[in-house]
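# Structural features, examined
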Amino acid sequence: MVEWTEKERSIINGIFANLDYEDIGPKALCRCLIVYPWTQRYFGAFGNLYNAEAIKSNPNIAAHGVKVLHGLDRAVKNMDNIKGTYAELSVLHSEKLHVDPDNFRLLADCLTIVIAAKLGNAFNPEMQATWQKFLAVVVSALGRQYH
Amino acid sequence: MVKWTDKERSMVRAVWEKVNIDEVGPEALARVLIVYPWTERYFGTFGDIFTVTAVLNNAKVAAHGKVVLTALDAAVKNMDNIPETYAALSRLHYEKLQLLADCITISIACKLKSDLDPQVHATWHKFLSAVVDAMSSQYY
């Protein structure tokens, strides 16, 4: 089981407490679709994704970005059982959505960049280390039901 | 060979112009050592790099960070010939540098903030991927 120090818990809670979900969620998902264009294949029903401007102004993408970020809430509230928390979502992404689990890490990387851009120098190496540990656990939990 | 549009070239240069090598270099390398502690193995001669504070205050880490970012300048100036630019350095390093590339991008995101918009980020990512590839090219 993943162990968290008090400091790590407060870093993660601190980042989420000050997070604007409506801003960060869409930004992270858009970035993923733009920087790693093959991920667009999962959003065929979302409308116009033909170029960066279209992606950035697509309301379906924005709404889904917010949804994904709120999904992370569950991990923040259950840091001692992220694996169990995401069991169902893992099955959903594997059996219904058929998402390549490698792409979870790419979205996590984009979220990290968006958070870094938002927090600036406050996103120091120690905070980055804790944040990446948290996302690595989330990514692992989401990939768990694939095999 | 990697192809670059004029727009991509100017995006890479625009990011690079805003990068303060003396600031981002040490910070990016410090991030690597702190976020991915196993990388300490490569810096056996650097003294104390075993705690966050030690890494952030280590003069050799800072100096090497600057060396690394200064070397990145060569790629910015030779975007059409990145593999050859780094052939000699690749023989020297013998290890993958993806983690360092990731931390450079994160440091730049902290400094440039919204200037590192998605399109610019995508182009910068493509550029660093070419650099990382070139640095791995002499392993086999």
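Scroll up a little and you will see the structure.
Calculation criteria
- Residues numbered from 1 in each chain as written.
- Chains lettered and ligands numbered in written order.
- Predicted model: local features only at pLDDT ≥ 70, side-chain atom pairs only at ≥ 80, totals over all residues.
- Heavy atoms only, no water.
- Contact = heavy atoms within 4.5 Å.
- Buried area = accessible area lost by both parts, 1.4 Å probe.
- Salt bridge = Lys/Arg side-chain N within 4 Å of Asp/Glu carboxyl O.
- Polar contact = N/O pair within 3.5 Å; in protein donor to acceptor, adjacent residues only side chain to side chain.
- Helix = DSSP H or I, 4+ residues; strand = E, 2+ residues; numbered from the N terminus.
- Buried < 20%, exposed > 50% of the residue type's maximum accessible area, 1.4 Å probe, protein only.
- Core = buried A, V, L, I, M, F, W, Y, C linked by side-chain atoms within 4.5 Å.
- Phe/Tyr/Trp six-rings, centres within 6.5 Å; stacked < 30°, edge-to-face > 60°.
- Lys NZ or Arg CZ within 6 Å of the ring centre and 35° of its normal.

Bringing the interface of chain A and chain B into the picture now. Taken together, the contact pairs 21 residues of chain A with 21 residues of chain B. The three residues of chain A that bury the most area against chain B are Arg-31, Ile-113 and Pro-125 of chain A, which together make up 28% of that side's buried surface. Joining chain A to chain B, the criterion identifies zero salt bridges. The interface formed by chain A and chain B contains eight residue pairs in polar contact (both at pLDDT 80 or more). Listing elements by their share of the side of chain A that touches chain B, those giving two or more residues are helix H2 (21–35), helix H3 (52–56), helix H7 (102–119) and helix H8 (125–143) of chain A.

Glancing now at the pattern of salt bridges. Applying the stated criterion to the full structure yields 13 salt bridges over all chains. Between Lys-7 of chain A and Glu-126 of chain A there is a salt bridge, and its shortest N-O distance comes to 2.8 Å. Note that Lys-7 of chain A is positioned in helix H1 (residues 6–17) and Glu-126 of chain A in helix H8, a separation of 119 residues in sequence. Note that Asp-115 of chain B is salt-bridged to Lys-18 of chain B, the shortest N-O span being 3.9 Å.

All names here are of chain B. Within the secondary structure layout, Glu-8 lies in helix H1 (residues 6–18). Overall, the relative accessible area of 16% leaves Glu-8 in the buried class. Each residue touching Glu-8, except ones within four places of it in the same chain, is listed here: Lys-3, Thr-123 and Lys-126.

So, about the environment of Gly-44 of chain B. Tracing the backbone shows Gly-44 of chain B in the loop between helix H2 (21–35) and helix H3 (52–57). When the C-alpha positions of Gly-44 of chain B and Glu-95 of chain B are compared, they lie 15 Å apart, and in sequence the two are 51 residues distant.

Ranked by internal contacts, the top residues of the largest apolar core, which has 81 residues, are Trp-131 and Phe-134 of chain A together with Leu-72, Trp-124 and Phe-127 of chain B. When neighbours within four sequence positions are excluded, Phe-134 of chain A is seen to be in contact with Trp-4, Ile-12, Phe-16, Leu-72, Ala-75, Val-76, Met-79 and Ile-82 of chain A. If you look at the next biggest cluster of nonpolar residues, it comprises 16 residues, including Cys-30, Ile-34, Tyr-36 and Leu-49 of chain A.

This part is about the packing of aromatic side chains. Taken as a whole and assessed by the stated rule, the structure comprises twelve aromatic pairs over all chains. Where Phe-16 of chain A meets Phe-134 of chain A, the ring centres are 5.9 Å apart and the plane angle is 70 degrees; that geometry is what we call edge-to-face. Residue Phe-16 of chain A is located in helix H1, and its partner Phe-134 of chain A is located in helix H8; the two are separated by 118 residues in the primary sequence. Judged by relative accessible area, Phe-134 of chain A falls into the buried class, the value being 0%. Put simply, the rings of Trp-4, Phe-16, Trp-131 and Phe-134 of chain A pair up and form one aromatic cluster. If you follow Lys-133 of chain A out to its NZ or CZ, it ends over the ring of Trp-4 of chain A, 4.7 Å from the centre. The ring of Trp-4 of chain B carries the charged tip of Lys-126 of chain B above its face, separated from the ring centre by 4.8 Å.

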